[in-house]
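Below are the chains, spelled out letter by letter.
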Amino acid sequence: MRILITGITGRIGANLATQLVERGHQLRGLVWPRDPRVENLKKMQIELVKGSLTDPAAVEQAVDGVEAVYHLGAAFQGGGPFTDEEFFEINVRGTFNMLEAVRRVKGIGQFLFASSDALYDKYVPGGMSVPIDEQTLRVPKGAYALTKALGEELCNGYWQGYQVPTTILRFAMVWAADEMLQFPQFYLSKMKEVHPELAALWQGEECAVLLKDQQDRPFKKHIADVRDIVHGCLCALGKERALGETFQLAGPRPFTWDEVSYRLAELRGIPHVEAAVQATPTFYEFNLHKAEEYLGFSPSYDIVRMMVDALNYQRGEDIGVLPHG
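Residues numbered from 1 in each chain as written. Predicted model: local features only at pLDDT ≥ 70, side-chain atom pairs only at ≥ 80, totals over all residues. Heavy atoms only, no water.

> Looking at this model, I keep getting lost on the pattern of salt bridges. Mind explaining?
Charged atoms that come close allow side chains of opposite charge to pair. Evaluation of the coordinates by the stated rule reveals 23 salt bridges. With a shortest N-O distance of 3.8 Å, D117 and K122 are connected by a salt bridge. The buried category is assigned to D117, whose relative accessible area is 7%. Here K122 falls in the buried class, since its relative accessible area comes to 6%. Taking the shortest distance from any N to any O, the salt bridge between R253 and E259 comes out at 2.8 Å. Linked through salt bridges whose partners overlap, the residues forming this network are E60, E100, R103 and R104. (Salt bridge = Lys/Arg side-chain N within 4 Å of Asp/Glu carboxyl O. Buried < 20%, exposed > 50% of the residue type's maximum accessible area, 1.4 Å probe, protein only.)

> Would you take a moment to explain the packing of aromatic side chains for this structure?
Each aromatic ring pair is described using two quantities: the centre-to-centre distance and the angle formed by the ring planes. One pass over the full model with this rule turns up 15 aromatic pairs. The interplanar angle of 90° and the centroid separation of 5.7 Å between the aromatic rings of Y123 and Y284 together place this pair among those described as edge-to-face. With a gap of 161 residues between them, Y123 in the loop between strand 5 (110-116) and helix 4 (143-162) and Y284 in the loop between strand 13 (272-276) and helix 8 (289-295) connect regions that are remote in the sequence. The class of Y284 is buried, set by a relative accessible area of 1%. (Phe/Tyr/Trp six-rings, centres within 6.5 Å; stacked < 30°, edge-to-face > 60°. Helix = DSSP H or I, 4+ residues; strand = E, 2+ residues; numbered from the N terminus.)

> Quick question: what am I supposed to make of the packing of helix 3 (residues 84-104) against helix 4 here?
How two helices pack is summed up by the angle between their axes together with the distance between the axes. At a minimum axis separation of 9 Å, helix 3 and helix 4 run at an interaxial angle of 15°. The angle between helix 3 and helix 4 falls in the class roughly parallel. When the axes of helix 3 and helix 4 are compared, the crossing they make is right-handed. From helix 3, D84, F87, F88, N91, V92, T95, F96, L99, E100 and R103 reach across to helix 4, where they touch A143, Y144, T147, L150, G151, L154, C155, Y158 and Y162. Across the contact of helix 3 with helix 4, the residue classes tally to 12 nonpolar, 4 polar and 3 charged. (Axes fitted to C-alpha atoms, helices over the stretch in contact; angles between N-to-C directions. Parallel < 35°, antiparallel > 145°, perpendicular 65-115°, else oblique. Left-handed = near helix turned anticlockwise from the far one by under 90°. Contact = heavy atoms within 4.5 Å. Nonpolar A, V, L, I, M, F, W, Y, C, P; charged D, E, K, R; others polar.)

> Explanation requested: the pairing of strand 4 (residues 68-71) in the structure shown.
Two faces, one strand: in a regular strand the side chains alternate between the faces of the sheet. Of the two faces of strand 4, the one lined by A68 and Y70 and the one lined by V69 and H71 are each fully buried. Looking at chain direction, strand 1 (residues 2-6) and strand 4 are connected through 4 bridges and run parallel. Paired with I5 across the strands is Y70, a residue of strand 4. When strand 4 meets strand 5, the two strands line up parallel, connected through 4 bridges. By the bridge assignment for strand 5, Y70 is matched with L112. (Pairing = 2+ DSSP bridges.)

> Got a minute to help me understand helix 2 (residues 56-63) in this structure?
Because an α-helix packs 3.6 residues into every turn, residues spaced three or four apart end up facing the same way. Residues A58, V59, A62 and V63 constitute the buried set of helix 2. Summarising the axial view, the buried residues of helix 2 lie within an arc of 130°, below the 170-degree limit, and thus occupy one face. Those residues of helix 2 that are exposed and angled more than 90 degrees off the buried face are A57 and Q61. The elements touched by buried residues of helix 2 are strand 1, strand 2 (26-31), strand 3 (46-50) and helix 3. Here helix 2 starts with a cap whose side-chain oxygen sits 3.1 Å from the backbone nitrogen of A57, and that cap is D55. In the segment just after helix 2, G65 is the residue with positive phi, at about 90°. (Arc of directions from axis to C-beta. Polar contact = N/O pair within 3.5 Å; in protein donor to acceptor, adjacent residues only side chain to side chain.)

> For this particular structure, what's the right way to read the environment of E89?
Tracing the chain through its elements places E89 in helix 3. Here the alpha-carbon distance between E89 and L53, two residues 36 residues apart in the chain, equals 8.6 Å. Those residues in contact with E89 that lie beyond four places of it in its chain are T54 and G94. Of the polar contacts made by the side chain of E89, one reaches the side chain of R93; its length is 2.9 Å.

> Could you clarify how one ought to interpret the sheet that holds strand 5 in this entry?
Spatially, 3-2-1-4-5-6-11 is the arrangement adopted by the 7 strands of the open sheet, whose pairing is parallel. Two strands lie at the open edges of the sheet, namely strand 3 and strand 11 (245-249), each paired on one side alone. Ignoring strand direction, the axes of neighbouring strands in this sheet form an average angle of 20°. Running over the sheet, helix 1 (residues 11-22) touches strand 1, strand 2, strand 3, strand 4 and strand 6 (166-171) and is turned about 170° from strand 1. On the sheet, helix 6 (residues 226-236) packs against strand 4, strand 5, strand 6 and strand 11 and is oriented at approximately 165° with respect to strand 6.

On their own, these measurements won't tell you what the molecule is for.
Here you go:
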């Protein structure tokens with residue numbers, strides 16, 4: 001199959017490209033002309049079209065002749081800074097340009113749009129009482145989340161109004177192997193700046209911190225290894241049942257801070273502390289039933305496996321994934 005990937009140099013795009021090439025697909029990538037990460041793709045047989053999502057002519061050139069599109073390209077929170085206007089132009093107008101091109105070009109069987117769990121209001125007093133699923137109320141806060149919500153509406157509108165075959169994939173927070181052990185919320189030095197009540201625990205050396213809420217529950221979070229997100233993208237490709245649908249993707253299960261902090265203290269050789277915080281906690285998880293039923297999505301990288309792989313990656317071992325940068 002001839003497939004276009006926007007955002008092909010990113011952590012998801014580059015790893016997805018590797019998997020698709022291994023499966024025998026012919027790939028094209030739309031890339032920013034001065035993107036230094038293009039070097040990561042040089043070893044693969046990928047056609048590159050230079051241009052911007054905001055340029056309709058470049059988008060039309062990129063879309064012409066392909067059979068499926070993964071629209072991963074976007075301005076995102078970790079890649080900026082971006083102004084609100086830049087978020088709109090890249091994420092909203094860029095998605096509009098893509099959908100318009102797909103509508104005009106014949107023979108494209110699927111347009112897969114990368115959305116985000118930033119659409120949900122996950123951080124609420126007392127934590128989330130029930131798992132989040134595709135029907136959970138969207139409460140986009142901030143420019144990035146708002147533009148992703150508008151991107152979803154564009155996809156749904158083009159599916160319903162023009163029969164453009166769209167599939168929306170909402171990604172959980174995605175971690176690559178070289179990021180896993182650097183998450184600030186695992187370390188007291190970072191958390192004492194966010195939660196002043198933790199300052200008294202600081203003794204001048206780094207500690208792994210087990211954060212708890214006011215009910216004495218360890219914080220709970222549901223993320224995804226980049227390899228599971230790539231797996232979900234592959235599962236959705238070519239599935240007629242996925243057309244016009246939205247799917248939440250994440251790791252096999254949520255993790256709690258007690259799973260991480262003890263192991264992290266042991267692995268890093270640092271002290272371990274427990275602390276309850278008074279602010280709104282991190283306490284949520286996703287219901288992945290729809291993706292499992294419709295797509296055959298079966299994620300496998302839980303927090304323990306991610307930690308082991310992160311250490312192996314730091315030691316220079318090949319774990320089958322490209323670095324996030």
